[in-house]
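Observations on the three-dimensional arrangement
This is what each chain is made of:
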Amino acid sequence: IIASPVELIHTPVKSVVRHREVGRDVESFKEGAIQSLRQDPDIIVIGELRDPETIMTSLEITDSGHKTFGTLHTSSAMESIERILGEVPTEEQNRVRTRLADVLTCVISQKLVPSLDGKRVLAKEVLIVNSSVRAAIRNNNISEIYQMLMEGGDKGMNTMEQDLKRLYTHGVISKETAVNHANNKTKILQLLSEVNY
């Protein structure tokens, strides 16, 4: 686990977990990822994909067969993909787009939203990368992915708006909260208008 800072120490149960803090143990996320490869890891967790070097390194690590998890400060699956592509130089984008399409398996976007009981509840968007999603990424048709999310329920996919609707219809959050935390205001209003009480 490469993080800045390390916020949670994972106690090993049936595995060996190594933590590296950027600034204390390693100079950067990229250096931490490269050093971790020397210990033959099965899984690498990169705390934040915040610069082109870290993004390129994580793609290379994943391409070499290592399971890699990373975080981005984005609010949707499409925004995450666009952010990764937008962080790399223009001349590298086609190569990165192809590589990303080959190695990406899943994107989960999360928000903690206020619930009716005064606590917070998880609202999530889940994109499972299948052949259609791969083609959309490869062909730079990222805008098509939202429709795939909308129609991918049988594959385990959903948009943030669909999950907010689910929370509202189950009486967990208010209608106002659902609208305020939606990425697509038009779509959430349309979905909520279908709810009958």
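Just above, that's the structure.
Residues numbered from 1 in each chain as written. Predicted model: local features only at pLDDT ≥ 70, side-chain atom pairs only at ≥ 80, totals over all residues. Heavy atoms only, no water.

1. Quick notes on the packing of helix 3 (residues 77-87) against helix 4 (residues 93-103)
Between helix 3 and helix 4, the least distance of the axes is 9 Å, while the angle of their chain directions is 140 degrees. Between helix 3 and helix 4, the interaxial angle falls into the category oblique. Here helix 3 runs over helix 4; the crossing is right-handed. Between helix 3 and helix 4, the contacting residues are Ile81, Ile84, Leu85 and Gly86 on the first element and Gln93, Val96, Arg97 and Leu100 on the second. Of the residues that constitute the contact of helix 3 with helix 4, the class distribution is 5 nonpolar, 2 polar and 1 charged. (Axes fitted to C-alpha atoms, helices over the stretch in contact; angles between N-to-C directions. Helix = DSSP H or I, 4+ residues; strand = E, 2+ residues; numbered from the N terminus. Parallel < 35°, antiparallel > 145°, perpendicular 65-115°, else oblique. Left-handed = near helix turned anticlockwise from the far one by under 90°. Contact = heavy atoms within 4.5 Å. Nonpolar A, V, L, I, M, F, W, Y, C, P; charged D, E, K, R; others polar.)

2. Section: the environment of Arg138
Summarising the element assignment, Arg138 is placed in helix 5 (residues 131-138). Given a relative accessible area of 35%, Arg138 falls into the partly exposed group. Taking C-alpha positions, Arg138 is 21 Å from Lys155, a pair spaced 17 residues apart along the chain. Leave out the neighbours within four places in its chain, and Arg138 touches Arg97, Thr98, Ala101 and Asp102. (Buried < 20%, exposed > 50% of the residue type's maximum accessible area, 1.4 Å probe, protein only.)

3. Details of helix 1 (residues 29-37)
What helix 1 keeps buried is the set Phe29, Gly32, Ala33 and Ser36. For helix 1, the angular spread of the buried residues around the axis is 100 degrees, confining them to a single face. Looking at the packing, one finds that the buried side of helix 1 touches strand 1 (2-3), strand 2 (20-21), strand 3 (43-46) and helix 2 (52-63). (Arc of directions from axis to C-beta.)

4. Some remarks on the pairing of strand 3
Burial of strand 3 is one-sided: the residues Ile44 and Ile46 facing one way are buried, the residues Ile43 and Val45 facing the other way are not. Summarising the sheet, strand 3 and strand 4 (residues 67-70) pair through 4 bridges and their orientation is parallel. Note on strand 4: the bridge partner recorded for Val45 is Phe69. With helix 2 bridging strand 3 and the parallel strand 4, this β-α-β connection has right-handed handedness. (Pairing = 2+ DSSP bridges. Right-handed = clockwise from strand over helix to strand, strands pointing away.)

5. As for the nonpolar core
Proteins that are soluble and globular tend to have nonpolar side chains buried together. Grouped together as the largest cluster of nonpolar side chains are 37 residues, with contacts concentrated most on Ile81, Leu100, Leu127, Ile137 and Ile145. Those elements that provide at least two residues to this core are helix 1, strand 3, helix 2, helix 3, helix 4, helix 5 and helix 6 (145-151). Once residues lying within four places of it in the same chain are set aside, the contact partners of Leu127 are Ala77, Ile81, Thr105, Cys106, Val107, Val133, Ile145, Leu149 and Met157. (Core = buried A, V, L, I, M, F, W, Y, C linked by side-chain atoms within 4.5 Å.)

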